[in-house]
Amino acid sequence: MLSITDYLSENSEILKKELFELLRIPSISAQTEHEEDCRKTAEWLRDYFLKIGFSSQLFPVSTNHPMVYAESPFIPGAKTLLIYGHYDVQPVDPLELWETAPFEPVEKDGYLYGRGTSDDKGPLFTHIAAAKFWMSQENRPHLNVKFILEGDEESSGSATEIFVREHTDLLSCDYLALSDSTQFAPGCPSITCGLRGVAAYELTLFGPRQDLHSGMFGGAVTNPCTILMEILGEMHDSDRRITIPGFYDAVKRLSPEDEEQLRFLPFDDAAFFESAGVSGGIGEADMSVLERITTRPTFDINGITGGYQGEGGKTIIPAKASAKFTFRLVPNQDPEWLTAALSHWLEERIPEGIEMKLDVEGTSGGYLLDLDRPCMKAAAHAMEFGFGRSPFFVREGGSIPIVAAFSKLLTPNVMLLAYSQKTDNAHGPNEHFCLTDFWRGIKTNVKLWQELTALD
Ligand code: BES
Ligand code: MN
Ligand code: MN
């Protein structure tokens, strides 16, 4: 058998070339003009799986982008590993901030640049490359491997969860692995052991039937922009805690072990703010920066629109105002409870002359992993092999909505192997992925197949 190290030194150019092909297709799920590109990406993946000897097909997903399903030639009696990833990417604007074109990937100083390099085509491809390696070997591990790759992760919605619910037989598995989270820091290989959930809303306030002259009507007609600011401004108290009654009821305090673990992680507040391009920041009182971004729920306004924003002035009372905002939720907080509590909280604050509309854009709960499972040790060994150092177990602030559903519907043996870095500019301009992490990821995945087989 060829060692994976030798395999990679012989095949690095071809693997990079293949990843570049995948990166070149602009699969932006949020924009309908890229619908065709999302389908092309799904087809590219399906064809790739067929080429390496997997069977593969696309599944239509209601109004959304197709799901790519693939499986290795069936080995009776073997355990099954399911690998998840998302082939869709975030929009690229503002385009002018990109130094190289987002969908013309390039390699520069040990990094791959382009939309999707880090989130999630690069990390996802490390698993596909591991499958390619094992399929080229005669004695591949006694393990059935399935892939389920979605094209809607970045634009939320619950289509994927519905798909999983309807296909629990097809997706049945003993273990589940994914790489869609970040390493704690460079040189700190990580297994993600917690994710936050996210609840996204759009609030629209309607005032007068049309824009009004503020000289003639101002002072008597309620201004929706003003009310929107007042209400959203009330969401935090002076300790920057969220004021919806009961919001923290389900939030658990950290156990002494969790606190110990957090203290043990090498986190530098100044470097963190520096990486965000700010000199510092405010947040929930009595919480460290690391707690604020991983173990605590938050509220963020993502965008506000309303009234006149064009050149010069315009003295009006605008007809409407709206805002998009999200809460990050920690494990045990129930997004459905939040939606009900939020709409009640908002309604109580809507004055005479304003109508409100609250749209729920998608919600998911937070997730905590059980570290005592044998597969976690297998994953840690695999990482040690791939990265040359045993991994940290860390909670993450980001959200992968489908993970909670997977663990409920398929298996609690979920392994989140983090390959990206927080500094990769995921969702931003000049997104990149460290090539060394790419190779390390492939080695880890290759080893994981073996380690899982050894658990039997
Ligand atoms: N890969 C990220 C999630 C992530 C990032 C998890 C870093 C852990 C660490 C994923 O693609 C993502 O962007 N998720 C969205 C979810 C939203 C669109 C429902 C998020 O977290 O904002
Ligand atoms: Mn992702
Ligand atoms: Mn993302």
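Note that residues are indexed from 1 along each chain, following the sequence as it is written. Going through the entries in the order they are written, you letter the chains from A and number the ligands from 1. A pLDDT threshold of at least 70 governs which residues receive local features in this predicted model, and a stricter bar of 80 or more applies before side-chain atom pairs are shown or counted, although totals over entire chains, interfaces and linings include all residues. The basis for every side-chain value is the complete set of heavy atoms in the structure, and neither hydrogens nor water enter the calculation.

Draft legend 1. A look at the sheet that holds strand S18 (residues 432-434). Strand order across the open sheet formed by three strands is S4-S5-S18, with antiparallel pairing between neighbours. On the outer flanks of this sheet lie strand S4 (106-108) and S18, each paired with one strand and no other. Adjacent strand axes in the sheet meet at a mean angle of 25° when their direction is disregarded. DSSP calls a pair of strands paired once it identifies at least 2 bridges connecting them. Counting from the N terminus, the helices are DSSP H or I runs at least four residues long and the strands are E runs at least two residues long. Looking at chain direction, S4 and strand S5 (residues 111-113) are connected through three bridges and run antiparallel. Looking at the pairing, Lys108 lines up with Tyr111 of S5. In this description, contact between two residues means that some pair of their heavy atoms is separated by no more than 4.5 Å. For helices, the axis comes from a line fit to the C-alpha atoms of the stretch in contact; other axes are also lines fit to C-alpha atoms, and the angle between any two N-to-C directions lies between 0 and 180 degrees. Contacts between helix H13 (residues 435-454) and the sheet are confined to S4, S5 and S18, with S18 contributing the most and set at about 60° to the helix.

Draft legend 2. A look at the packing of helix H4 (residues 159-166) against helix H12 (residues 402-409). Two elements in contact, H4 and H12, have axes whose closest approach is 10 Å; the angle formed by their N-to-C orientations is 15°. By the criterion of interaxial angle, the relationship of H4 to H12 is roughly parallel. Relative to H12, H4 is oriented so that their crossing is right-handed. Between H4 and H12, the residues in contact are Thr160, Glu161, Val164 and Arg165 and Ile402, Ala405, Phe406 and Leu409, respectively. In what follows, roughly perpendicular refers to angles from 65 to 115 degrees, roughly parallel to angles under 35, roughly antiparallel to angles over 145, and oblique to any angle outside these ranges. If you view the pair so one helix is near and one far, a crossing is left-handed when the near helix is turned anticlockwise from the far one by less than a right angle, and right-handed when it is turned clockwise.

Draft legend 3. Region of interest: the site of ligand 1. Working definition: residue near molecule or strand if any one of its non-hydrogen atoms lies within 4 Å of it. In the vicinity of ligand 1, 17 residues are found, and the nearest of them are Glu153, Asp180, Arg328, Ser399 and His427. Pairing of N or O atoms within 3.5 Å defines a polar contact, subject to two protein rules: one partner must be a possible hydrogen donor and the other a possible acceptor, and residues neighboring in sequence count only if both atoms are side-chain atoms. Within the side chain of His86, an N or O atom sits 3.2 Å from an oxygen atom of ligand 1. Arg328 is positioned with one of its side-chain polar atoms (N or O) 2.8 Å from an oxygen atom of ligand 1. For accessible areas, the Shrake-Rupley method is used with a probe of radius 1.4 Å. Any residue's cover is judged against the shown protein chains and nothing else. Burial of ligand 1 by the protein amounts to 84% of the accessible area it has alone, namely 520 Å². Note that Gly is not counted as nonpolar here; it falls among the polar residues with everything else outside the nonpolar set of Ala, Val, Leu, Ile, Met, Phe, Trp, Tyr, Cys and Pro and the charged set of Asp, Glu, Lys and Arg. Its residues placed into classes, the shell around ligand 1 shows four nonpolar, seven polar and six charged.

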